[in-house]
Amino acid sequence: MSTTSPTDRDDAARAVLRRNDRGGFTVPNGRVYPFQWNWDSAFVALGFATFDLDRAWRELETLFEGQWEDGMVPHIVFRAPAEGYYPGPEAWGIQRQPLTSGISQPPVAATAARVLHDLSAGDAARIRALFPKLFASHRWWHEIRDPDGTGLVTMVHPWESGRDNSPDWDEPLSHVVPSVDVAHLRKDLGHVDATQRPTHDFYNRVMTLVEEAKALAWDGVSVARTLSFRVCDLGIQSILLRADRDLLKLAVELGFSTEATALRDWIARSETAMQRLKGADGLYRSLDLRSGRLSEAVTCAAFLPLYARTASREDALALKEYLAATRAVAGFSVASTDPRDRRFDATRYWRGPVWLMMNRMIADGLSGYGLTEEAATLRQDSGELVRRNGFWEYFDPRNGAGCGGPDFSWTAAMWLSWSGSPSAAQALTAL
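These figures come from a predicted structure and were not determined experimentally.

*Asks:* If you had to explain helix α6 (residues 125-144) to someone new, which residues and values would you point to?
*Replies:* Between its first and last C-alpha, α6 extends 29 Å over 20 residues, near the 28 Å set by a 1.5 Å rise per residue. For α6, the full list of buried residues reads Ile127, Leu130, Phe131, Leu134, Phe135, Ala136, Ser137, His138, Trp140, Trp141, His142 and Ile144. Each element contacted by the buried residues of α6 is listed here: α3 (53-63), α5 (109-118), α9 (220-226), α10 (234-254) and α11 (257-273).

*Asks:* Describe the side chain of Asp338, and please don't skip the residues or the numbers.
*Replies:* For Asp338, the location among the structural elements is in the loop between α13 (313-330) and α14 (356-368). Of the polar contacts made by the side chain of Asp338, one reaches the side chain of Tyr322; its length is 3.1 Å. Excluding residues within four positions of it along the chain, Asp338 makes contact with Val298, Tyr322, Thr326 and Phe344.

*Asks:* Any details on the pattern of salt bridges? Residues and values, ideally.
*Replies:* Considering all chains together, one arrives at 36 salt bridges under this definition. Its salt-bridge partner being Asp170, residue Arg351 comes within 2.7 Å of it at the nearest N-O pair. On the criterion of sequence distance, the pair formed by Arg351 in the loop between α13 and α14 and Asp170 in helix α7 (residues 170-174) is long-range, its members being 181 residues apart. Residue classification places Arg351 among the buried residues on the basis of a relative accessible area of 12%. Measuring nitrogen to oxygen at the nearest pair gives 2.7 Å for the salt bridge that ties Arg242 to Asp364. Here the residue Arg242 occupies a position in helix α10, and Asp364 occupies one in helix α14, the gap between them amounting to 122 residues. Residue Arg242 shares its accessibility class with Asp364, and that shared class is buried. A single salt-bridge network, built from bridges that share partners, covers Arg114, Asp118, Arg242, Asp246, Arg309 and Asp364.

*Asks:* Please provide a residue-by-residue account of the packing of α5 against α6, values included.
*Replies:* The contact between α5 and α6 brings their axes to 10 Å, and the two run at 160 degrees. Accordingly, the angle class assigned to the pair α5 and α6 is roughly antiparallel. Where α5 crosses over α6, the handedness of that crossing is left-handed. For the pair formed by α5 and α6, the contact residues are Ala109, Ala110, Ala113 and His117 on the first element and Ile127, Leu130, Leu134 and His138 on the second. Of the residues in the contact of α5 with α6, the class split is six nonpolar, two polar and no charged.

*Asks:* Tell me about α5, and please be specific about residues and values.
*Replies:* In an α-helix, one turn spans 3.6 residues; hence positions three or four apart end up facing the same way. Of all the ten residues making up α5, nine are buried; the element is thus mostly covered by neighbouring parts of the structure. Within α5, the full set of buried residues consists of Ala109, Ala110, Thr111, Ala112, Ala113, Arg114, Val115, Leu116 and His117. Packing partners of the buried residues in α5 comprise α2 (38-48), α3, α6, α10 and α12 (304-307).

*Asks:* So what about the sheet that holds strand β2 (residues 76-78)? Which residues, and what values?
*Replies:* Reading across the sheet, the three strands line up as β1-β2-β3 and stay open at both edges, with antiparallel pairing between neighbours. Edge positions in the sheet fall to β1 (36-37) and β3 (99-100), since each of these pairs with one other strand and no more. Direction of pairing for β1 relative to β2: antiparallel, over a ladder of two bridges. When the sheet's bridge partners are listed, Trp37 is paired in β2 with Ile76.

Here is what the cut-offs are and how they apply
- Residues numbered from 1 in each chain as written.
- Predicted model: local features only at pLDDT ≥ 70, side-chain atom pairs only at ≥ 80, totals over all residues.
- Heavy atoms only, no water.
- Helix = DSSP H or I, 4+ residues; strand = E, 2+ residues; numbered from the N terminus.
- Expected span 1.5 Å × (residues − 1).
- Buried < 20%, exposed > 50% of the residue type's maximum accessible area, 1.4 Å probe, protein only.
- Contact = heavy atoms within 4.5 Å.
- Polar contact = N/O pair within 3.5 Å; in protein donor to acceptor, adjacent residues only side chain to side chain.
- Salt bridge = Lys/Arg side-chain N within 4 Å of Asp/Glu carboxyl O.
- Axes fitted to C-alpha atoms, helices over the stretch in contact; angles between N-to-C directions.
- Parallel < 35°, antiparallel > 145°, perpendicular 65-115°, else oblique.
- Left-handed = near helix turned anticlockwise from the far one by under 90°.
- Nonpolar A, V, L, I, M, F, W, Y, C, P; charged D, E, K, R; others polar.
- Pairing = 2+ DSSP bridges.

In structure tokens:
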């Protein structure tokens, strides 16, 4: 166990954020991910908020500089050339400035913005300027990615989930016929052990989806209706519903009455639709919108309906028991795939490792349902992973070993804003 003091660890976490700062936006890790990522920036803003609130706001503001005219906030904003990353802007084929990818990521930004506003001591200027952009991004999810108004939003690429390589996508991705071979273009394997990264076959299939969308000129509704991978991701669905609630609070406070009405309608529709994502065993899963089948795998996303405040008390108690059972097997929680599942892989990207920002959202959900002991255990596990091993991208749930990229921004941010400092945890009790 590390003997490093909490103060030293705080200093190291702030140093990670400063080192990954590129002047108003933060890269997740300078070697593996040299651009600005969507949900990374939302979590990173929470870390900056513990010592530089102005810089925290800038993180969100620069993210929205990449917003498309239809409201989408891309998952990557390519702000500078970087030879060490694939797929770069040329692979997406999007002619706009700044250069971006063509897909989005879980919409954490509104929730982060609410936290920053709560810390801003009555100064509403920045949230007023950002609110219309946040609202437009939510409208994109609810209208462009749910063109039939079902209440279930459509994900068209595994990378949109943020949980890129989850077993949730194995079945729907198996029906994508690869039309490209991009193994020789990959750069990630030069930075991270291949056993911790997705396979070549995975890359060939997901880049085939990019080619399909390019053939549609990235038209939003056409992409949502016709791509050969169309899934309602439980993670996105839950995170969007929570973000809708946070944005509604801001709309009411700031006097955006028309937007508040739309948000109430979206929330009601989403709450009703969430029941479609519950399996016969009472646990939530992602839904393949093409086949109508729920994922076989139970992953860390199963807890996010608690974070969305849409689960029943019965659901919460079932998830409490599930958490205890999986933690007894894995050692550290929350493993990104059930450690009893045949698809579990302790060190491969999203197929087993623990991620601190997921733990943060899950703990928030547990707290919201009065499961404070379980939430405290997640915070303790998360802090211990950092104390033992530092700010890795993700961690082996069996022994806590760091995996992926080192000096990772969102892990440092989670330490500062939640798992490391008691005072910070009190200031930012919940996302």
